[in-house]
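Chain and residue survey
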Amino acid sequence: MERDGVNKLNGKVALVTGGANGIGLETVRLFLENGASVVMADFNAEAGNAACEKLCAAGYQDAVTFIQVDVSSAESVASMVVSVIEQFGQIDILINNAGITQDSMLSKMSIEQWQRVVDVNLNGVFYCTKFVAPHMVQKGQGKIINTSSIVGVHGNIGQTNYAATKAGVIGMTKTWAKELGFKGINVNAVAPGYVETGMVASVPEKVLALMVEKVPLRRLGKPSDIAQAYLYLASDDANYVNGTVLEVNGGLVI
């Protein structure tokens, strides 16, 4: 079909984890509009298959596919990458977007809550990059974009596990930018502020109102705001951007 976007990603193959909903799904849509072939990877097979069917019905049947993956499992990630390479022959863009929250104050946070968030948000980013990077190195180019958070930069009450993993993502981003930059691979991170997704859906309205009041733009972020940041970093427009943490928070922390 004729793509609606400006085709910034023509001929590129993008792998988006956590791609079945929220920011991930919006990113999948935007990348398809801009000419990429996109692998939507997610643990939720029901949501992933449903989203993929809708995108296929919209005319992207030759450009989008869904793969179920558990990013907390090295074996599952390795299998996913093999499947993508077998189907597309390359991975040009990796969006490490998959993440979870299991919030609790330090005194009440269980070991299980801590470990599960670390397994998905930190280990998952490591595993995906570990298995994708060699294919980019072989090709001599690639874009790796990791999802951090405002919480990873500034901390937040009740989110010890989440803040630790998102701060860790920044550390890995800067390290990989140094390790992989001279091999033609750009590694950057996006640190969203508070975005209208399922993660904030359970926040009481009064708390949300207070959050909005602190943002100079007087609104929460939208998934499309973050997807546009991913698109910029994934495109040739950002070929000299490496090791950067792009904060997309409406000015919340100024």
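Summarised in this report is the structure supplied together with it. The model shown is predicted, which means the values in this text are computed figures rather than measured ones.

**Regarding the overall build of the protein**
In terms of helices and strands, the protein carries eight helices and seven strands. For 254 residues, the compact-globule formula gives about 18 Å, and the C-alpha radius of gyration of the protein, at 17 Å, lands near that figure. Principal axes of the C-alpha set define a box for the protein whose edges measure 50 × 35 × 35 Å. Residue burial in the protein is summarised as follows: out of 254 residues, 49% are buried. Considering only contacts within the protein whose residues lie at least 6 apart along the sequence, 75% involve residues at least 24 apart. With the model as given, the accessible surface of the protein reaches about 11900 Å², and the carbon-plus-sulfur share is 53%. Where the 19 positive side-chain charges of the protein centre and where its 23 negative ones centre are 7 Å apart.

**Digging into the side chain of Thr 165**
Take Thr 165: it is sitting in helix H6 (residues 160-180). With near-sequence residues (within four places) excluded, Thr 165 lies in contact with Val 117, Val 118, Asn 121 and Leu 122.

**Describing the environment of Asn 10**
Within the secondary structure, Asn 10 sits in the segment before strand S1 (13-17). For the pair Asn 10 and Ala 36, spaced 26 residues apart in sequence, the C-alpha separation works out to 5.4 Å. With residues up to four places along the chain from it excluded, the contact list for Asn 10 reads Asn 34 and Gly 35.

**A word on the sheet that holds strand S3 (residues 64-68)**
Taking strand neighbours across the sheet as the criterion, the seven strands line up as S3-S2-S1-S4-S5-S6-S7 in an open arrangement whose pairing is parallel. A strand with exactly one partner marks an edge of an open sheet, and here the two such strands are S3 and strand S7 (245-248). The sheet shows a mean angle of 20° between the axes of neighbouring strands, taken without regard to direction. Pairing geometry for S1 and strand S2 (residues 37-42), over five bridges, is parallel. Within S2, the residue paired with Leu 15 across the bridge is Val 39.

**Things to note about the environment of Asp 237**
Its place among the elements puts Asp 237 in the loop between helix H8 (223-234) and S7. On the basis of relative accessible area, Asp 237 is assigned to the partly exposed category, the value being 49%. With 229 residues separating them along the chain, Asp 237 and Lys 8 place their C-alpha atoms 8.6 Å apart. Ignoring sequence-local partners within four residues, the contact set of Asp 237 consists of Lys 8 and Tyr 232. For Asp 237, the side chain forms a polar contact with the side chain of Lys 8, separated by 3.0 Å.

**Overview of the packing of helix H1 (residues 22-33) against helix H2 (residues 45-60)**
Their axes nearest at 12 Å, the elements H1 and H2 cross at an angle of 20°. What the angle tells us is that H1 and H2 run roughly parallel. Here the hand of the crossing between H1 and H2 comes out right-handed. For the pair H1 and H2, contact is made by Leu 25, Val 28, Arg 29, Leu 32 and Glu 33 and by Ala 51, Leu 55 and Tyr 60, respectively.

**As for helix H4 (residues 111-139)**
With 29 residues, H4 ought to run about 42 Å at 1.5 Å a step, and its terminal C-alpha atoms sit 41 Å apart, in line with that. Along its length, H4 reaches its greatest deviation from straightness, about 40°, at Asn 123.

**Thoughts on the pattern of salt bridges**
Scanning the entire structure with this criterion turns up six salt bridges. Glu 26 is the partner of Arg 29 in a salt bridge, and the nearest nitrogen-oxygen pair spans 3.3 Å. Placement of both Arg 29 and Glu 26 in helix H1 is noted, with a separation of three residues, approximately one turn of the helix. The class of Glu 26 is partly exposed, set by a relative accessible area of 24%. A salt bridge links Arg 218 to Glu 213, with the nearest nitrogen and oxygen atoms 3.8 Å apart. The exposure class of Arg 218 is partly exposed, given its relative accessible area of 48%.

The rules behind each value
Residues numbered from 1 in each chain as written. Predicted model: local features only at pLDDT ≥ 70, side-chain atom pairs only at ≥ 80, totals over all residues. Heavy atoms only, no water. Helix = DSSP H or I, 4+ residues; strand = E, 2+ residues; numbered from the N terminus. Rg over C-alpha atoms; globule rule 2.2 N^0.38 Å. Buried < 20%, exposed > 50% of the residue type's maximum accessible area, 1.4 Å probe, protein only. Contact = heavy atoms within 4.5 Å. Areas by Shrake-Rupley, 256 points an atom, 1.4 Å probe, with all protein chains shown as cover. Lys, Arg positive; Asp, Glu negative; His and termini not counted. Charge placed at Lys NZ, Arg CZ, Asp CG, Glu CD. Pairing = 2+ DSSP bridges. Axes fitted to C-alpha atoms, helices over the stretch in contact; angles between N-to-C directions. Polar contact = N/O pair within 3.5 Å; in protein donor to acceptor, adjacent residues only side chain to side chain. Parallel < 35°, antiparallel > 145°, perpendicular 65-115°, else oblique. Left-handed = near helix turned anticlockwise from the far one by under 90°. Expected span 1.5 Å × (residues − 1). Bend = angle between axes of the 7 residues up to and from the residue. Salt bridge = Lys/Arg side-chain N within 4 Å of Asp/Glu carboxyl O.

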